[in-house]
Amino acid sequence: GQNIDQPTEMTATEGAIVQINCTYQTSGFNGLFWYQQHAGEAPTFLSYNVLDGLEEKGRFSSFLSRSKGYSYLLLKELQMKDSASYLCAVRENGGANNLFFGTGTRLTVIP
Amino acid sequence: DSGVTQTPKHLITATGQRVTLRCSPRSGDLSVYWYQQSLDQGLQFLIQYYNGEERAKGNILERFSAQQFPDLHSELNLSSLELGDSALYFCASSGHSGANVLTFGAGSRLTVL
């Protein structure tokens, strides 16, 4: 089974940096994913971590610590269009490739 | 356009009815996944198919069933609908190499009245 925890809501200012945390418990970890979802739209892939450390992709970075069951998504130089929900998801061992999602963090960027 | 096609985009029906949601995966993807997202809820995994075979099952109700056809498109059948089945239903597809990232379709919004 799996238990994934993220803050429900966050607010940050345009141009600033925000860190969205995710903690998870899973019986067999095989990767952590971050997705962005605007209201009523499809989730879109942002990043993937399977080994410990930081993955950087432009304004977005994601960090993983497997021993702590912890990840964060870092968004730099925030823009108004970054207002969305950010979903943390884990994939378990076992051959199937399905993801288990947290309830998401709704980020509001204010001017 | 993600390459994953879902129809219909919107569907309104009554309690007790049955509906079928359709999904065509991205070209070359063999796996199809179905997820349910109720208002202000997270994405709940329903079921996964790989090349026509059921691969994994999540919290899918007995009133719901799915299949993947030889041309790899998939259908999710929802029967004896209840008010609580109103939700966005997403289909995703993936390949099986590298990170095997799930790519989502735009979703089918089901409203049960």
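Look up: the structure comes first, before these words.
Note that the structure is predicted; figures quoted are calculated from it, not measured. Numbering of residues starts from 1 in every chain and runs along the sequence as written. Lettering for chains starts from A, numbering for ligands starts from 1, and both go in the order in which the items are written. The model is predicted, so local features are restricted to residues of pLDDT at least 70 and side-chain atom pairs to those at 80 or more, both for listing and for counting; the totals for chains, interfaces and linings are taken over all residues. Computation of side-chain values covers all heavy atoms of the structure but excludes hydrogens and water.

## Here's the deal with the layout of surface pockets
- Definitions used throughout: a 1 Å grid over protein atoms alone; a cavity as a set of points that fits a 1.4 Å probe which cannot get out; a pocket as an open set with protein on both sides within 12 Å along at least five of seven lines; a lining residue as one with an atom within 4 Å of a point. Grid points are joined across faces, edges and corners, and a volume is the space filled by probe spheres set on the points. Taken as a whole, the largest pocket spans an internal volume of roughly 520 Å³.
- Together, 23 residues line the largest pocket, and Arg106 of chain A together with Gln37, Leu39, Asp40 and Gln41 of chain B are the ones closest to its centre.
- Helix and strand assignments follow DSSP, with helices taken as H or I runs no shorter than four residues and strands as E runs no shorter than two, numbered in order from the N terminus. Every element with two or more residues in the lining of the largest pocket is listed here: strand 9 (84-92) and strand 11 (105-110) of chain A together with strand 9 (87-94) and strand 11 (108-112) of chain B.
- Sort the elements by how many residues they give to the lining of the largest pocket and strand 9 of chain A lands first, with 3 residues.
- Its residues assigned to classes, the lining of the largest pocket comprises 7 nonpolar, 12 polar and 4 charged.
- Counted as a void, the second largest pocket has a volume near 160 Å³.
- Along its surface, the second largest pocket is lined by Gln2, Asn3, Ile4, Leu99, Phe100 and Phe101 of chain A together with Leu43, Gln44, Phe45, Gly58 and Asn59 of chain B.
- Among the secondary structure elements, those contributing two or more residues to the lining of the second largest pocket are strand 1 (2-5) and strand 10 (99-101) of chain A together with strand 5 (44-50) of chain B.
- In the scheme used here, Gly and all other residues not listed as nonpolar or charged are polar, with Ala, Val, Leu, Ile, Met, Phe, Trp, Tyr, Cys and Pro taken as nonpolar and Asp, Glu, Lys and Arg as charged. In the lining of the second largest pocket, the residues fall into 6 nonpolar, 5 polar and no charged.

## Some words on the pairing of strand 4 (residues 31-37) of chain B
All names here are of chain B.
- With a 1.4 Å probe rolled over the protein chains alone, any residue whose accessible area is under 20% of its type maximum counts as buried; one over 50% counts as exposed, and the rest are partly exposed. Within strand 4, 7 of the 7 residues are buried, leaving the element largely enclosed by the surrounding structure.
- We call two strands paired when DSSP finds no fewer than two bridges between them. Here strand 4 pairs with strand 5 via 6 bridges, running antiparallel. Along strand 5, the bridge assignment pairs Trp34 with Ile47.
- Following strand 4, the chain reverses through 6 residues before pairing antiparallel with strand 5; Asp40 in that reversal takes a positive phi of roughly 60 degrees.
- Here strand 4 runs beside strand 9; their pairing, made up of 7 bridges, is antiparallel.

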